[in-house]
Amino acid sequence: MTETNDTDVVCFDLDDTLCTYSQDGEEVLAAAFERAGVAQCWDIGAYYDRYRDYLADSTDILDLRRQCFGDLTVTAGHDRAAGEAVADAFEELRDQERIEPLPGARQVVDQLAGEYRLGLITNGPPKMQRTKLEAIGLDDRFETVVCAGYDTAPKPAAEPFDLALEQLESTPERAVYIGNSLSSDIAGARTAGLRSVWIPATDDAPSEPTPEPTHTLGSLEELATTPW
């Protein structure tokens, strides 16, 4: 990586930026509907689209899913109890330790740790997100971990970025944020005044992303040669 300014802090998103589930989410959801004895009436994309809406008002990941799955199932014309049963089955089937690092994640984090103070800003319950970090061997790499939606308002609010920078004794002008989501990561970094690096999680990413990140990369490995 080529340093071109007074950058002293680099913060990361977690899910689909540094790691991903080794279980396919759609397959887990289909199995959860089957276990609950409920005909599948929505797909995993609907859950991912609504996930952020429930962060601030849930106590843990099961509570979040019971609220979200219940609402999705009611919208599909079925009883809330059916959606809650699917959430319970999903909890039984989803293994939070079946997580794998994305290519280059450990190497890049280790490299940057030698040059910058590192933080993690992730939307999600603390216990679940820390379990993922442990599973990929990165639980001791970050000086601060902000679980937005629980420690603060969820991304894209500025608050989780502000808290991380306060704990890292830095300012937005001296910080960079790396994530995969335009709507939460890049929008949140922009709101908080940080420069941003967008690494799309899919191959069908828009050619003109909105909001526009400071940098767009094809992989984590490219961070090694990215001028901030």
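Rules used in this analysis
Residues numbered from 1 in each chain as written. Predicted model: local features only at pLDDT ≥ 70, side-chain atom pairs only at ≥ 80, totals over all residues. Heavy atoms only, no water. Buried < 20%, exposed > 50% of the residue type's maximum accessible area, 1.4 Å probe, protein only. Helix = DSSP H or I, 4+ residues; strand = E, 2+ residues; numbered from the N terminus. Right-handed = clockwise from strand over helix to strand, strands pointing away. Salt bridge = Lys/Arg side-chain N within 4 Å of Asp/Glu carboxyl O. 1 Å grid on protein atoms, 1.4 Å probe; cavity = no way out; pocket = protein on both sides within 12 Å on 5 of 7 lines; lining within 4 Å. Points joined across faces, edges and corners; volume = space filled by probe spheres on them. Nonpolar A, V, L, I, M, F, W, Y, C, P; charged D, E, K, R; others polar. Patch = residues over 30% accessible without salt bridge, like charges linked within 9 Å, V, L, I, M, F, W, Y side chains within 5 Å. Areas by Shrake-Rupley, 256 points an atom, 1.4 Å probe, with all protein chains shown as cover. Lys, Arg positive; Asp, Glu negative; His and termini not counted. Charge placed at Lys NZ, Arg CZ, Asp CG, Glu CD. Pairing = 2+ DSSP bridges. Contact = heavy atoms within 4.5 Å. Axes fitted to C-alpha atoms, helices over the stretch in contact; angles between N-to-C directions. Phe/Tyr/Trp six-rings, centres within 6.5 Å; stacked < 30°, edge-to-face > 60°. Lys NZ or Arg CZ within 6 Å of the ring centre and 35° of its normal.

Enquirer: Tell me what's going on with the pairing of strand β5 (residues 144–148), and back it up with residues and numbers.
Expert: For β5, the buried fraction is high: five of the five residues fall into the buried class. The side-chain alternation of β5 yields two buried faces, one formed by Thr144, Val146 and Ala148 and the other by Val145 and Cys147. Handedness of the crossover joining strand β4 (residues 117–123) and β5 through helix α6 (residues 126–135): right-handed.

Enquirer: Which residues make up the pattern of salt bridges, and what values do they have?
Expert: Scanning the model with the defined rule gives 14 salt bridges in all. With a shortest N-O distance of 2.3 Å, Asp8 and Arg174 are connected by a salt bridge. Of this pair, Asp8 sits in the segment before β1 (9–12) while Arg174 sits in the loop between α7 (159–167) and β6 (175–179), and the two are 166 residues apart along the sequence. Assessed through its relative accessible area of 22%, Asp8 is described here as partly exposed. Notably, a salt bridge pairs Asp71 with Arg80, separated by 2.5 Å at the nearest N-O pair. Accessibility expressed as a relative area gives 36% for Arg80, which makes it partly exposed. Salt bridges here are not isolated pairs; linked through shared partners, they connect Asp13, Lys155 and Asp185.

Enquirer: Please give an account of the layout of surface pockets that cites residues and values.
Expert: Its volume calculated, the largest pocket comes out at about 1,100 Å³. Around the largest pocket, the lining is made up of 40 residues, and of these Asp15, Asp16, Tyr48, Asn180 and Ser181 lie nearest the centre. Of all the secondary structure elements, the ones that give two or more residues to the lining of the largest pocket are β2 (19–21), α1 (25–36), α2 (44–50), α3 (61–75), β4, α6 and α8 (182–192). Sorting elements by how many residues they give to the lining of the largest pocket places α2 first, with five residues. Partitioned by chemical class, the residues of the lining of the largest pocket number 16 nonpolar, 11 polar and 13 charged. Within this model, the second largest pocket holds a volume of roughly 260 Å³. Taken together, 15 residues form the lining of the second largest pocket, with Ile199, Pro200, Ala201, Gly218 and Ser219 sitting closest to its centre. Here the lining of the second largest pocket is composed, by residue class, of seven nonpolar, five polar and three charged.

Enquirer: Tell me about a negative patch on the surface, and name the residues and values.
Expert: A cluster of acidic residues, Asp95, Glu97, Glu134 and Asp139, forms a negative patch on the protein surface. Positionally, Glu97 belongs in the loop between α4 (80–93) and β3 (99–101). According to the relative accessible area criterion, Glu97 is exposed, its value standing at 60%.

Enquirer: Can you explain the sheet that holds strand β8 (residues 215–216)? Please cite residues and give values.
Expert: Strand order in the open sheet formed by six strands is β5-β4-β1-β6-β7-β8, and the pairing between neighbours is parallel. What marks the edges here is a single partner per strand, and that holds for β5 and β8. The sheet contact formed by β6 and strand β7 (residues 195–198) spans four bridges and is parallel. When the sheet's bridge partners are listed, Val176 is paired in β7 with Arg195. Its contacts with the sheet put helix α5 (residues 105–113) on β1 and β4, and the angle it makes with β1 is roughly 155 degrees. Of the strands in this sheet, β4, β6 and β7 touch α8, which is tilted by about 155 degrees from β7.

Enquirer: So what about the packing of aromatic side chains? Which residues, and what values?
Expert: The final tally for this structure, using the stated rule, is nine aromatic pairs. With a centroid separation of 5.1 Å and 90 degrees between ring planes, the pair formed by Tyr47 and Phe69 is classed as edge-to-face. Taken as a pair, Tyr47 in helix α2 and Phe69 in helix α3 lie far apart in primary sequence, 22 residues in all. Its relative accessible area of 4% is what places Tyr47 among the buried residues. An aromatic cluster is defined as three or more aromatic residues linked by ring pairs; in this entry it consists of Phe33, Trp42, Tyr47, Tyr48, Tyr51, Phe69 and Phe90. Across the ring face of Tyr21, the terminal group of Arg94 is positioned such that the distance to the ring centre comes to 3.6 Å.

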